[in-house]
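Residue-level listing of the chains:
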Amino acid sequence: MSEEKNAASAKQAVSLQEFQQFQLSILNEFMRVCEKHDLTWWLGFGTLLGAARHDGFIPWDDDIDIIRPSDDYLKFREACRKSLSKEYYLQSHEDNPCNFIDWERIGVKNTTSLPLEYATIHAEWGVCLDVFPAYPFPAPGHPDREKKKKQIENFKRLSAKYLYRHEAPQQESLARKMYYRLMGCMPDGMNVALWKRFERDLLIPFDTSVYDAVATGYGTFVSYPASAFSETVLLPFEGMQLPAPVGYKEILATFYGEDWMELPPEEKRVCHSGGGSDEVIVSLTEPYEQYLK
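For the structure given in this document, a descriptive report is provided here. Please read these numbers as outputs of a predicted model, since none were measured by experiment.

Calculation criteria
Residues numbered from 1 in each chain as written. Predicted model: local features only at pLDDT ≥ 70, side-chain atom pairs only at ≥ 80, totals over all residues. Heavy atoms only, no water. Helix = DSSP H or I, 4+ residues; strand = E, 2+ residues; numbered from the N terminus. Expected span 1.5 Å × (residues − 1). Buried < 20%, exposed > 50% of the residue type's maximum accessible area, 1.4 Å probe, protein only. Pairing = 2+ DSSP bridges.

### Brief notes about helix α4 (residues 70-83)
- Counted at 1.5 Å a residue, the expected span for α4 with its 14 residues is 20 Å, and the 20 Å between its end C-alpha atoms agrees.
- Of all the positions in α4, only Ser70, Asp72, Tyr73, Phe76, Arg77, Ala79, Cys80 and Ser83 are classed as buried.

Quick look at the structure:
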């Protein structure tokens, strides 16, 4: 069977509902590790929006996003190395520089959620749950704010080494091609060492007396008042009561806009991750390694 037919077969085998249920099984493993090691976490991004607006998944979405305070973020990495069940893996740039994310993931071995365009990047591409840190961040007007922004930008550049290498040929200008190639040629050992140093500098203790704002995000980092994360409340999510930051309404309004409770137009109700995209190879039973080029 051709590679294209294999990919199509894997994709057609998983419905959105099946993928959501599989995500919940990863969430249960995540919660087990956190409970065992007494680690704090909150629902984040689209998962937080789904809990607040739909009491569960956004109906057309399929991934789960977690945010946790910087104090517990590195503790969670070590907790996973000690306590994660054998069918799961921890994904980070530290362990594999091909991972061009700047956060952590809990993935399932022998599964696949691989964007076709990245099949040449030998990162971990199992079905996964995203875990983001909440960085202590200076509020507007603080003298350290621009310095912290630059630290985050440099950290993200180091994370994206193999993404730069992959996208270099696609750049239109010669200068941009050269820049991408330069960013992609740093030796892995040096890249990871610098990455770990920048991560430590960003993950200072979650102390609101140091900085009075919090930043987190996928691509562009967004800052929120630290008071929004000062306490934890419970929100309904797929029949469970799960932790959310006390200021979740303010967080959602900042990230999604003041009208976050309103449903988007139907043409924008699309799934951008594994269970609902034709550009992603998905299987709940086949390892991603067989699809890498």
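Text resumes after the structure shown.
### Side note on the pairing of strand β11 (residues 280-283)
- Burial of β11 is two-sided: the residues Val280 and Val282 facing one way and the residues Ile281 and Ser283 facing the other way are all buried.
- Both strand β5 (residues 112-115) and β11 contribute to a ladder of four bridges, which runs antiparallel. Within β11, the position partnered with Thr112 by the bridge is Ser283.

### A few points about helix α2 (residues 16-37)
- When the terminal C-alpha atoms of α2 are compared, their 32 Å separation across 22 residues agrees well with the 32 Å that a helix rising 1.5 Å per residue should span.
- Listing the buried residues of α2 in full gives Phe19, Gln20, Phe22, Gln23, Leu24, Ile26, Leu27, Glu29, Phe30, Met31, Val33 and Cys34.
- Just downstream of α2 lies Asp38, where phi reads positive at about 55°.

### Looking at unusual backbone geometry
- If you check the backbone angles, Asp38 has positive phi at about 55° while not being a glycine.
- Its identity is not glycine, yet Asn110 carries a phi of approximately 60°, on the positive side.
- Topologically, Asn110 is positioned in the loop between β4 (104-108) and β5.
- Classification of Asn110 by relative accessible area gives partly exposed; the value is 48%.

### Brief notes about the pairing of strand β2 (residues 65-69)
- When you tally the buried positions in β2, you get five out of five residues, the bulk of the element.
- Residues of β2 alternate between two faces, with Asp65, Ile67 and Pro69 on one and Ile66 and Arg68 on the opposite face, all of them buried.
- The sheet contact formed by β2 and strand β6 (residues 128-137) spans five bridges and is parallel. Pairing of Pro69 across the sheet is with Ala134, part of β6.

Any functional reading would require information beyond the geometric quantities listed.
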